[in-house]
Amino acid sequence: MSVLTVESLHKTYTTDRGGVHAVEDVSFTVEDGRFYTLLGPSGCGKTTTLRCLAGLERPQGGVIRLDDTVLSGDGRFVPAFDRDIGMVFQSYAIWPHMTVFDNVAFPLRVGRERPSSAEVKRRVEEALALVGLEGLEDRPAPQLSGGQQQRLALARALVRSPKLLLLDEPLSNLDAKLRERMRIELRELQRRLRITTVYVTHDQSEALFLSHRIAVMQSGRIVQEASPRDIYAQPSSPFVADFVGLGTFLQGEATAGGVRALGAVVRCALPADLAPGMPALLVVRPESVRVHGAPSDAPNVFAGTLRVAAFLGDHLDCLVQLEGALIRARAHPGTQLRRGQSVWVELPPAECVAVRDDGWRPRAVTDRMGDED
Amino acid sequence: MRGARRALPARPGSGIIVPALAALLLLLLTAVPVATLVMGSLQIEGRPGFTTANYEHVYSDPRTYRLLLNSFLYAVGTSILAIGLGTSLAFIVERTNVPFRRGFFAVTLVPLIVPGIVSTIAWIYLASGRIGVLNRGLMAALGLESPPFEVFSLLGMVWTEGLHLSPLVFLVMVGAMRAMDPALEEAAMTSGARPLRTLRVVTLPVLVPALAAAALIMFIRGLESFEVPALLGLPAEVPVITSEIYFALRTYPQDYGLAGALGVGLLLVSAVGVWSYGRLTRRAERFATITGKGYRPRIVELGRWRWVAFVYILVYLLVVVVLPFLVLLFVSLVPFYIPSLDMLQKLTLQHYVTVFEHPDTLRAVRNSFVLALSSATITMALTAVIAWIVVRTTLPGRRVLDLLAFLPIGIPGLVLAVAIIFELINFPIPIYGTLAILVIAYVTRYLPYGMRTSTAAMVQLHRELEEAAAVSGASWATSFRRIVVPLLWPSLVAGWIYVFVVSVRELSSSVLLVSHDSTVLSFLILDLQQSGQSNAVAALSVMLVLSLVVIVGLAQRASGRFGVKEG
């Protein structure tokens, strides 16, 4: 049983280049055996938070607890080497002067428990088998491929059976195919070992795929924490909505039963913090949009012109010009649609998400719209 | 990457001619002198045909083995001292929270600018048993009977040369530490290793290849060094190979056969060093840490040891920078040298006047400046082209070019001068004693440094930038001039500044190659020292060091980055 608790963590520092990295008032709890992800763009404070958990940075405030032990805070600071953790670094940090075996055996040999050498051998082999590297024990570490180094780093982090596993963007240096495979393996491994895990990434699909819970960070703070499904379906702000998926943002005003946009009232559920009369953004995910060749009686149907219909194998990527907005839609690849024809888009009320308009705008979206007008 | 290399452009023209000329020039500068040296050592002046008589003569003499042993001990000692000092400094300045670390960085590099002849003379005044200031001071202060230091000894030689070379080690190790991924240490710490254990089990082993490479280079530099053996070794009766070669050619009748046979011997020893260095660095390249990526090093919190480290650096700077400079300043300002503070009441500028009135001074200044300018320019231009051939083409001989350009690192300056003299004996045009001959020697000596800078920069340059120029219709020359050179510019300037400085410092080749008309500053200092005008020497040294510091400072400011690099 290992529960990680973080209470109002603070950390500010200036880099050599003058950039300020900050973590402000970050609090969260990772339940036993859960996979918890800190998700955000670069500079949001996610890596700094993770390094505070590892003991590689000393926070200026807040409390970090692993089970009943205070790791940091209340005037205490347990250094990295005295924490019961395993960590995988973005660069893997495989020691180039050691063999595969020595790399994995290192935490057992320097740690406090010091098992016998037969026990070390057994546990190293076990750890290597977990990640599928059995038989490579005597290989010099630099001779491994990128994917193998990644597995080796994971084996090294797991060999002590630590209470807490920390992963700092471990998949970002792999090519796309390998990344895909490793994240399946990582997910299976974590679910099987039920090791309490904190994962840092800027890749939303990785976060959605791997996690039990996701905390989205922005400028040093956690702006939303929820399950993958809820983060995607009920983003709390335009920033979160944009960061965890594609979508068209429609500017409007909250009103009873929906959002006033597209020259009508788009019907949808309003979140608790959105009262009628407040500025709102309607987030329309491409896969929620249905494109029809003929008018329909369903609610939230709008007439438009098909600007782009590109075949992408598993779907048809469409851009539809409505009155005052360009909407992205994913249609079935078999749909017969021609560029320039009249279409009717349906925005099913259950799948439309309204968020309070806090003035934040995704740069990519405005650019994209500008390009295609 | 290997498969993506390409051969030279198919269209003949500048793309063939310029690189071909550069390769030919490289051959003339490196392989030919070595071959001539070997041939010359197999001949006896005035007699036709080849003979091994010189070798039999030299290598049957037990004295030769004493020289070799001295050279070896001196080079090993120098290397150990330089490595110990340079590495500890690099660690403190680069990796710890020692106070004022940024300021130290610049000051630590000042000794790089100081010519070896100047620092050697300074150490005579500081630690000679008879007249050394430190000896006199300590004897008076502690009531000692005999002087505690003696610079005229093997130990004194090691001390002087080791201090002189330590900033080079500092630079190499700072580079190695910056190239090391801090996550390697962090991974050890999150695995449960305490800081000292991390240092021992991870940090040091990862740095070992860089350390060993630096040690070998220092060993070679020790073997070939000339100033210390000539000024300290000869009076101390600790002759080494270089001082013996110098002696053979400076006394009448000049014994070219002896110089040649000794030169080849020295060349062989240092070739072994270079060969091991090559093997070692190739192995180091296989270490995944050497990625050419820059990291923000992890700062080690020293706690109360912070101030101990601070004092250590202060003492180092005192010994390497402040004391040598102060003693020279003192000598240059007193009417005659007596190691006593009473002399401070008799300060005079007369020696500065003497220096300016000396008939050779202005010529030496002009020659040194012209030589430094032209050597730096030619070296960087040549190595830029050679680096392009080595990095960009698939020519079968490109590895040989790389090797040839590195070869001079193992040719002691004195031996190179002997080789050039051998070449000139049969040369139809009388260029002995001209500046041209010195330019040839300097360019040859500094090819490895130019090559290192150029290659490192060329590797970073994506080949598609040139290919884009080619498909836009640019010829090789245009693409090189308009694309490659401008993108390499910062590195080329850095290399240029370095070659400029070391050319002004150069003595070990110049000493055999200068004539009355082509005298240079470093030789003038040696000449004045040997004719007993020690106060004038000090005055000249002070002015030389100050102007070099100013020139390098200005050049760096102009180029906007630190310009000193060394392999």
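Residues numbered from 1 in each chain as written. Chains lettered and ligands numbered in written order. Predicted model: local features only at pLDDT ≥ 70, side-chain atom pairs only at ≥ 80, totals over all residues.

So, about the overall build of chain A. In terms of regular secondary structure, chain A is built from 9 helices and 21 strands. C-alpha extents for chain A along the principal axes are approximately 75 × 45 × 40 Å. Within the span of chain A, comprising 373 residues, buried residues form 41% of the whole. (Helix = DSSP H or I, 4+ residues; strand = E, 2+ residues; numbered from the N terminus. Buried ≥ 20, exposed ≤ 12 C-beta atoms within 10 Å, placed from the backbone.)

For chain B, the count of helices and strands is 24 helices and 0 strands. A compact globule built from 567 residues would reach a C-alpha radius of gyration of about 24 Å, and chain B, at 25 Å, matches this within 12%. Across its three principal axes, chain B shows a C-alpha extent of roughly 75 × 75 × 50 Å. Counting every position in chain B, which comprises 567 residues, the buried fraction comes to 50%. (Rg over C-alpha atoms; globule rule 2.2 N^0.38 Å.)

A word on the interface of chain B and chain A. Facing 20 residues of chain B, the contacting portion of chain A comprises 22 residues. Of all elements in the fold, only α9 (182-190) and α10 (195-224) of chain B reach the threshold of two or more residues within the side of chain B that touches chain A. Considering each element in turn, the side of chain B that touches chain A owes the most residues, 6 residues, to α9(B). Along the lines of polarity and charge, the residues of the side of chain B that touches chain A split into 10 nonpolar, 4 polar and 6 charged. (Contact = placed C-beta atoms within 7 Å. Nonpolar A, V, L, I, M, F, W, Y, C, P; charged D, E, K, R; others polar.)

With that settled, the discussion passes to the nonpolar core. Counting 286 residues, the largest nonpolar core has A:L282, B:I386 and B:V418 as its most contacted members. The element contributing the most residues to this core is helix α21 (residues 476-505) of chain B, with 15 residues. Once residues within four sequence positions are removed from consideration, B:I386 is found in contact with B:A22, B:L26, B:L401, B:A405 and B:M451. (Core = buried A, V, L, I, M, F, W, Y, C linked by C-beta atoms within 7 Å.)

Glancing now at the sheet that holds strand β16 (residues 290-292) of chain A. Residue and element names in this part refer to chain A. Strands sit in the order β16-β20-β17-β18-β19 across an open sheet of 5 strands; the sheet is antiparallel. Across the chains shown, the open sheet's two edge strands, defined by having one partner strand only, are β16 and β19 (325-331). When strand polarity is set aside, the average angle formed by the axes of neighbouring strands in this sheet is 45 degrees. (Pairing = 2+ DSSP bridges. Axes fitted to C-alpha atoms, helices over the stretch in contact; angles between N-to-C directions.)

The next subject is unusual backbone geometry. Phi at A:E169 is positive, roughly 40 degrees, even though this residue is not glycine. Along the chain, A:E169 falls in the loop between β8 (164-168) and α5 (176-193). Phi is positive for B:F100, which is not a glycine, with a value near 55 degrees. Among the structural elements, B:F100 can be located in the loop between α3 (62-95) and α4 (101-108). We classify B:F100 as exposed; it has 12 C-beta atoms within 10 Å.

What follows covers the sheet that holds strand β5 (residues 69-73) of chain A. Residues and elements named next belong to chain A. Pairing within the open sheet is antiparallel, and its 5 strands lie in the order β2-β1-β4-β5-β6. Every other strand in the sheet has two partners, leaving β2 (20-30) and β6 (76-77) as the edge strands with one partner each. By the bridge criterion, 8 bridges tie strand β1 (residues 4-14) to β2 in an arrangement that is antiparallel. Across the sheet, the residue bridging to V6 is F28, located in β2.

Bringing the pairing of strand β13 (residues 258-261) of chain A into the picture now. Residues and elements named next belong to chain A. Where strand β12 (residues 248-255) and β13 come together, 3 bridges link them in antiparallel fashion. Each residue of the ladder has a partner; that of E253, found in β13, is R260. Of the pairings in the sheet, the one linking β13 to strand β14 (residues 264-267) comprises 4 bridges and is antiparallel in character. Residue pairing in the sheet places V259 in a bridge with V266 of β14. Hairpin connection of β13 to β14: 2 residues between the antiparallel strands, including L262 at a positive phi of 55 degrees.

Residue and element names in this part refer to chain B. Between its first and last C-alpha atoms helix α19 (residues 435-460) spans 36 Å; for 26 residues at 1.5 Å apiece the expected length is 38 Å, and the two agree. Largest kink in α19: about 50 degrees, centred on Y446, with the proline P448 one to four residues after it. With 21 of 26 residues buried, α19 lies mostly within the body of the structure. (Expected span 1.5 Å × (residues − 1). Bend = angle between axes of the 7 residues up to and from the residue.)

Turning next to helix α12 (residues 241-250) of chain B. Burial of α12(B) is extensive: 7 of the 10 residues sit out of reach of the surface. Three or more residues of α12(B) are buried, namely B:I241, B:T242, B:S243, B:E244, B:I245, B:Y246 and B:A248.

All names here are of chain B. Within chain B, residue pLDDT values average 87, and 93% of them lie at 70 or more. Across residues 1-12, confidence stays below pLDDT 50; counting only partners more than four residues off in sequence or on other chains, it has 14 contacts. Here residues 561-567 is modelled with pLDDT under 50, and outside its nearest four sequence neighbours on either side it reaches 26 contacts, counting other chains as well. (pLDDT = per-residue confidence, 0-100.)

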